[in-house]
Amino acid sequence: MTDSYGAVSVDVGTIYLGGKEHRVKTASGVVSVIVYGDREKPALITYPDLALNHMSCFQGLFFCPEAASLLLHNFCIYHISPPGHELGAAPICPNDSAPSAENLADQILEVLNFFGLGVVMCMGVTAGAYILTLFAMKHRERVLGLILVSPLCKAPSWSEWFYNKVISNLLYYYGMCGVVKEFLLQRYFSKEVRGNVEIPESDIAQACRRLLDERQSVNVMRFLDAIDRRPDISSGLKKLKCRTLIFIGDQSPFYSEAVHMAATLDRGYCALVEVQACGSMVTEEQPHAMLIPMEYFLMGYGLYRPSLFTESPRSPLSPSCISPELLSPESMGLKLKPIKTRISAA
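The protein chain is annotated in an unreviewed UniProt entry as Ndr family protein of Arabidopsis lyrata subsp. lyrata. Under the UniProt heading Subcellular location (unreviewed entry), the note attached to the protein chain is "Cytoplasm". Per its UniProt entry, the protein chain bears the Sequence similarities (unreviewed entry) comment "Belongs to the NDRG family."

Pasting the structure below:
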C-alpha cells in the first residue's frame, strides 16, 4: 500500500527474519530499506559494497551472536540497498539517468527524513563506506558516528579505473558471468577464502557467488559507474568531527586507501583496526574481529551489550552523552598505527 509520503511498505518478514521492506521514492529513484527492530531505539544505517545488499554484505556480522547482541539490542537497523540491488529487483530502465555518488549520498538524507530520523550511526563497506562518508561530510549534524569497513576516499587510481571498466564491459556484454564474479570475489575476500587448486573455495565465497547470480547486470553497472566517477574527498575529511572507527583487512585491495583515510582524519576522532589474513569484507570474513573495537567505540555513547546494560535504549543518540576521553584511540585500546587483531604464527 502506498502512503501519502510516496513510499511503499511491504511486509516480508518470512524472507528478512522479521524485517520489513520499505520502498522509498527519492529524487534519484526508488530505494529499498529493510528495517529490523524497535523504531524507538537509536538508528544504525548500513550501506553495502558494489553488487551486494544487506544479505550478502552484513549477514555474517549480524549472525555473529556477540555482535548481534551488541547491535540489535541497542539499535533499530536500517539496511539501505543501492538502487536495484535489493532481492528480486527488476532491471532499472536504461532511459533513467544514472545517479552520481553525490546523488546516492543525497538519497540517504531522503531516507532519514522519510523515517523521521534525526542523528544516526552509520556503517558502510567499501563503496558503501564512501557514500556514507560523503553523506556525513554534507550533513554533519545528522551523523553521530561512522563505522567504516575498507573505505574509499580518493578518486579511482588508473588501475582501479581500468579494472572497473573491464567489469563494466563484461557486465554489458555477458551479464553476471563467471569472470565478473571472480573479479568481485577478489575485491571482497582474501586468498584463503577464495581458495585455489589446492584449497577449495570456502562456504562464504560460494554463498556470495550464488547471491551475485541474483543481481541485475544493468543495476550493478549503474552503481559501478557512480563509484568510478567519485571525486576525491580527502581534503574535507579534516572537517569531519564525528567519531570514526575504520576496519581494514590486510589483504584488501583498498588497504592503502583506508590507511590514507585514517591518517587524514583528525587523530582525536579516528581509530584504525587492521585485521590479519582478511580481505575487504571483514563483516563476512572475520566479523568476530569487529566485536571488541565496536564494543569500546559504542561504550562512549552509553551503549552496551545486554549483559552489561539491562535496559534497552529508547531515546535518540545525543552527543551530550559522549565522554571524549572514552572515545580517544588510546582509551579504546587502539592505535592510529594499524594494529593486528590476530597474531601470525612464527
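Additional details are given in the paragraphs that follow.
(A) Layout of the nonpolar core. Within the largest apolar cluster, 104 residues are counted, with the highest numbers of intra-cluster contacts made by Tyr 188 and Met 294. Per-element tally for this core: the top contributor is helix H6 (residues 127-138), with eight residues. What Tyr 188 contacts, discounting residues up to four positions off in sequence, is Asp 49, Leu 50, Ala 51, Leu 52, Cys 208, Leu 212, Gly 279, Ser 280, Met 281 and Glu 285.

(B) Geometry of the UniProt feature "transmembrane region" (unreviewed entry) in the protein chain. According to UniProt, the feature "transmembrane region" (unreviewed entry) maps to residues 114-137 in the numbering used here. For residues 114-137, helix accounts for 54% and strand for 25%, while the C-alpha atoms at its two ends are 20 Å apart.

(C) Geometry of the environment of Cys 57. Following the sequence through the fold, Cys 57 ends up in helix H2 (residues 54-57). For Cys 57 and Val 282, which are 225 residues apart along the polypeptide, the C-alpha to C-alpha distance reads 9.2 Å. In contact with Cys 57, not counting residues within four places along its chain, are Pro 48, Asp 49, Leu 52, Val 125, Met 281, Thr 283 and Glu 284.

(D) Up close: the packing of helix H7 (residues 158-174) against helix H11 (residues 217-228). Close contact between H7 and H11 brings their axes to 9 Å; oriented N to C, the two are set at 160°. On the basis of the axis angle, H7 is roughly antiparallel to H11. Helix-helix and strand crossings are classified by hand; for H7 and H11 the assignment is left-handed. In this structure, H7 contributes Glu 160, Trp 161, Asn 164, Lys 165, Ile 167, Ser 168, Leu 171 and Tyr 172 to the contact, and H11 contributes Ser 217, Val 220, Met 221, Leu 224 and Asp 228.

(E) Focus on the packing of aromatic side chains. Tallied over the full model, the rule gives eight aromatic pairs. Here a set of aromatic residues connected by ring pairs shows up, and it is made of Tyr 78, Phe 114 and Phe 115. Sitting over the ring of Tyr 130, Arg 230 keeps its end group 6.0 Å from the ring centre.

(F) Broad picture of helix H5 (residues 101-115). End to end, H5 covers 22 Å across 15 residues, agreeing with the expected 21 Å (1.5 Å per residue, within 8%). By the burial criterion, the buried members of H5 are Ala 101, Leu 104, Ala 105, Gln 107, Ile 108, Val 111, Leu 112 and Phe 115. The arc that holds every buried residue of H5, seen down its axis, measures 145°, which confines them to one face. One or two steps after H5, the chain reaches Gly 116, where phi turns positive at roughly 70°.

(G) Structural view of a nonpolar patch on the surface. A cluster of nonpolar side chains, namely Trp 158, Trp 161 and Phe 162, defines an oily patch on the protein surface of about 440 Å² accessible area. Within the secondary structure, Phe 162 sits in helix H7.

(H) Representation of the pattern of salt bridges within the structure. Enumeration over the complete set of coordinates arrives at 14 salt bridges. Between Glu 86 and Arg 23 there is a salt bridge, with the nearest N and O atoms lying 3.0 Å from each other. Pair noted here: Glu 86 is in the loop between strand E5 (76-80) and H5 and Arg 23 is in strand E2 (residues 20-26), with a separation of 63 residues, a long-range link. For Glu 86, a relative accessible area of 8% translates into the label buried. With relative accessibility at 27%, the residue Arg 23 sits in the partly exposed group. Among the salt bridges present, the one from Glu 160 reaches Arg 230, with a minimum N-O distance of 2.9 Å.

(I) Quick peek at the state of the cysteines. Taken as a whole and judged by the stated rule, the model has zero disulfides. Unpaired in this structure, Cys 208 has its nearest cysteine sulfur neighbour in Cys 57, at a distance of 8.8 Å.

(J) Inspection of unusual backbone geometry at higher detail. At Thr 126, a residue that is not glycine, the phi angle is positive and equals roughly 50°. Assignment of secondary structure puts Thr 126 in the loop between strand E6 (120-125) and H6. Accessibility expressed as a relative area gives 0% for Thr 126, which makes it buried. Here the phi dihedral of Ser 150 falls at roughly 50°; this positive angle occurs in a residue that is not glycine. Structurally, Ser 150 is set in the loop between strand E7 (143-149) and H7.

(K) Expanded view of the pairing of E2. In terms of strand pairing, E2 meets strand E3 (residues 29-36) through seven bridges, oriented antiparallel. Within E3, the position partnered with Lys 25 by the bridge is Val 30. With antiparallel pairing between neighbouring strands as the criterion, E2 and E3 make up a hairpin whose turn holds two residues.

(L) Highlighting the environment of Ser 32. On the secondary structure map, Ser 32 appears in strand E3. Residue classification places Ser 32 among the buried positions, given a relative accessible area of 1%. Apart from residues lying up to four places away in sequence, Ser 32 is in contact with Glu 21, His 22, Arg 23, His 79, Ile 80, Ser 81 and Glu 86. Among the polar contacts made by the side chain of Ser 32, one reaches the side chain of Glu 21 at a distance of 2.6 Å.

So, how was this worked out
- Residues numbered from 1 in each chain as written.
- Predicted model: local features only at pLDDT ≥ 70, side-chain atom pairs only at ≥ 80, totals over all residues.
- Heavy atoms only, no water.
- UniProt positions renumbered as here; feature names shortened; annotations may be inferred.
- Core = buried A, V, L, I, M, F, W, Y, C linked by side-chain atoms within 4.5 Å.
- Buried < 20%, exposed > 50% of the residue type's maximum accessible area, 1.4 Å probe, protein only.
- Helix = DSSP H or I, 4+ residues; strand = E, 2+ residues; numbered from the N terminus.
- Contact = heavy atoms within 4.5 Å.
- Axes fitted to C-alpha atoms, helices over the stretch in contact; angles between N-to-C directions.
- Parallel < 35°, antiparallel > 145°, perpendicular 65-115°, else oblique.
- Left-handed = near helix turned anticlockwise from the far one by under 90°.
- Phe/Tyr/Trp six-rings, centres within 6.5 Å; stacked < 30°, edge-to-face > 60°.
- Lys NZ or Arg CZ within 6 Å of the ring centre and 35° of its normal.
- Expected span 1.5 Å × (residues − 1).
- Arc of directions from axis to C-beta.
- Patch = residues over 30% accessible without salt bridge, like charges linked within 9 Å, V, L, I, M, F, W, Y side chains within 5 Å.
- Areas by Shrake-Rupley, 256 points an atom, 1.4 Å probe, with all protein chains shown as cover.
- Salt bridge = Lys/Arg side-chain N within 4 Å of Asp/Glu carboxyl O.
- Disulfide = S-S within 2.5 Å.
- Pairing = 2+ DSSP bridges.
- Polar contact = N/O pair within 3.5 Å; in protein donor to acceptor, adjacent residues only side chain to side chain.

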